[in-house]
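Coordinates in review
Here is what each chain is made of, one letter per residue.
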Amino acid sequence: MVEVKTGKNDLAVEQVEAYLDVAKEQKFDAVITISNEIPPVLGAHPLQLDKRKLKTVDVFHFSWVRIMSMAVMEKEVHGIDDPEQAWILGELIRYLEHENSGALDFSDMGASWIRVRDAARKGVIRKGDPEVEEIAVRFDALIRFACLRLGQRLGTEVLPQLPRRHIQNPSERTAELVEHLNRDSCLAARIRIPDTVADIEISCDLRGQQIHVSATVPASGHARSDTRVRWLLRQLGEDQADLVIEAIYRGRGVAADINEIRADEKVIIPDASKEITRFRVTKIYPMGVARSTRSSSSFISSVTSSVDHFYAEILQKLKPWTPPAPRFRDKPAERIAGDELASADLSSVDEPEPVSLGEPRD
């Protein structure tokens, strides 16, 4: 059984559970729901359904934006061999893209957004407030939407990076977001894009109204710290400004503006004897405050555009360091009699013929 909602029509628990009862009675395999609601975790359902009803009938949910993303990837990336199927899929994409189709993007943070946003700015968030939990769930849905949107453009699967316990129990993820919002007035997430040097880390500071987007890159294997810094700067390019780079030494870090580092690498090298293990590259974007994308100052649009810009302008240009291939050692020049041995000179084991050490002793 398939239940489809379009526009701003949301799924209802009573309706879906009634379908589960009918599916059980008629021995159907599953109930599939399609709407503009995006669950915070891939594979989860946006509704809290009675688990007893799920023992005999499976339930699956697809958001319209996910269907759209899958359709574009199949047609544009993987390719459709059959010309008729390719044409039909193209027509479906064209239909879903039309504003009157009812297959909308993620466009609203919900009625609780303004109150929770203002409470976070003032530092008066209450952990047990159901409105705070609602915003935490919608923020994860926004991150899923940003992943689907970016994956559609890249032609690959882009997913939020979550620990297994959060995937298996989304309520733990919600509780962690609420705790972070209560403690730091921030909403944070991590995105993984295949074959990139690092994940994208997102932190939305509701108090400072800024979005910090960063990536933590492993340092190169060069011996000197200043060489490692220059290796990173070369990849970022001279056109990059307004970046903050943090050099991390065994868990502790020293940060500076990229222009200061270009002038003198030593501003993030307080001790040359300590080895830089990682670099955190961060760009700060202005945060929109409006709940809906209808406003020019939309929180949703500011998050998605920040992620897209950081990937296109910074992350996709960064490559992991690879050590150079080993080179042949040059044979040392013939020594002049009386010269002292150099450290690079060949030893007796390097001679073409073994050196006689005299007669063995009894």
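The rules behind these values
- Residues numbered from 1 in each chain as written.
- Predicted model: local features only at pLDDT ≥ 70, side-chain atom pairs only at ≥ 80, totals over all residues.
- Heavy atoms only, no water.
- Core = buried A, V, L, I, M, F, W, Y, C linked by side-chain atoms within 4.5 Å.
- Buried < 20%, exposed > 50% of the residue type's maximum accessible area, 1.4 Å probe, protein only.
- Helix = DSSP H or I, 4+ residues; strand = E, 2+ residues; numbered from the N terminus.
- Pairing = 2+ DSSP bridges.
- Axes fitted to C-alpha atoms, helices over the stretch in contact; angles between N-to-C directions.
- Contact = heavy atoms within 4.5 Å.
- Arc of directions from axis to C-beta.
- Right-handed = clockwise from strand over helix to strand, strands pointing away.

**Side note on the nonpolar core**
- The biggest cluster of nonpolar side chains holds 67 residues, and the ones touching the most others in it are I200 and C204.
- For this core, the leading source of residues is helix α5 (residues 130-154), giving 11 residues.
- With 10 residues, the next largest nonpolar core counts W64, I67, V72 and L89 among its residues.

**Section: the sheet that holds strand β3 (residues 58-63)**
- The three strands are arranged β1-β2-β3 in an open sheet whose pairing can be described as parallel. A strand with exactly one partner marks an edge of an open sheet, and here the two such strands are β1 (2-4) and β3. Each strand of the sheet is rotated relative to its neighbour by a mean of 15 degrees, with strand direction disregarded.
- Across six bridges, strand β2 (residues 30-35) lies against β3 in parallel orientation. Note on β3: the bridge partner recorded for T33 is H61.

**A word on the sheet that holds strand β8 (residues 243-249)**
- The strand order across the open sheet formed by seven strands is β4-β5-β6-β7-β10-β8-β9, and the pairing between neighbours is antiparallel. A strand with exactly one partner marks an edge of an open sheet, and here the two such strands are β4 (159-160) and β9 (252-257).
- Here six bridges tie β8 to β9, and the two strands are oriented antiparallel to one another. Among the inter-strand pairings, I248 is bridged to a residue of β9, identified as G253.
- Most of the contacts of helix α8 (residues 225-236) go to strand β10 (residues 278-286), to which it runs at about 40 degrees, and overall it touches β7 (210-218), β8 and β10.

**Points about helix α4 (residues 113-122)**
- Those residues of α4 lying buried are W113, V116, R117, A119 and A120. Projected down its long axis, α4 shows its buried positions confined to an angular sector of 165 degrees, all on one face.
- In this fold, the buried residues of α4 make contact with α5, α7 (170-184) and α10 (299-313).
- Trailing α4 by a residue or two, G123 shows a phi angle of about 75 degrees, which is positive.

**A short note on the environment of I245**
- Structurally, the position occupied by I245 is in strand β8.
- Those residues in contact with I245 that lie beyond four places of it in its chain are L232, L233, L236, V254, A255, A256, I258, I261, I268, F279 and R280.

**Some remarks on the pairing of β2**
- Counting buried positions along β2 gives five out of six residues, so the element sits mostly inside the fold.
- For β1 and β2, the ladder comprises three bridges, and the chain directions are parallel. By the bridge assignment for β2, E3 is matched with T33.
- Following the chain from β1 across helix α1 (residues 13-25) to the adjacent parallel β2, one finds a crossover that is right-handed.

**Quick word on unusual backbone geometry**
- The phi torsion at S185 lies on the positive side, around 55 degrees, for a residue other than glycine.
- Among the secondary structure elements, S185 is positioned in the loop between α7 and β5 (186-192).
- On the accessibility criterion, S185 (1% relative accessible area) is buried.
- Of note in this structure, D242 is not a glycine but carries a positive phi near 60 degrees.
- On the secondary structure map, D242 appears in the loop between α8 and β8.

Just geometry here; none of it tells us what the structure is for.
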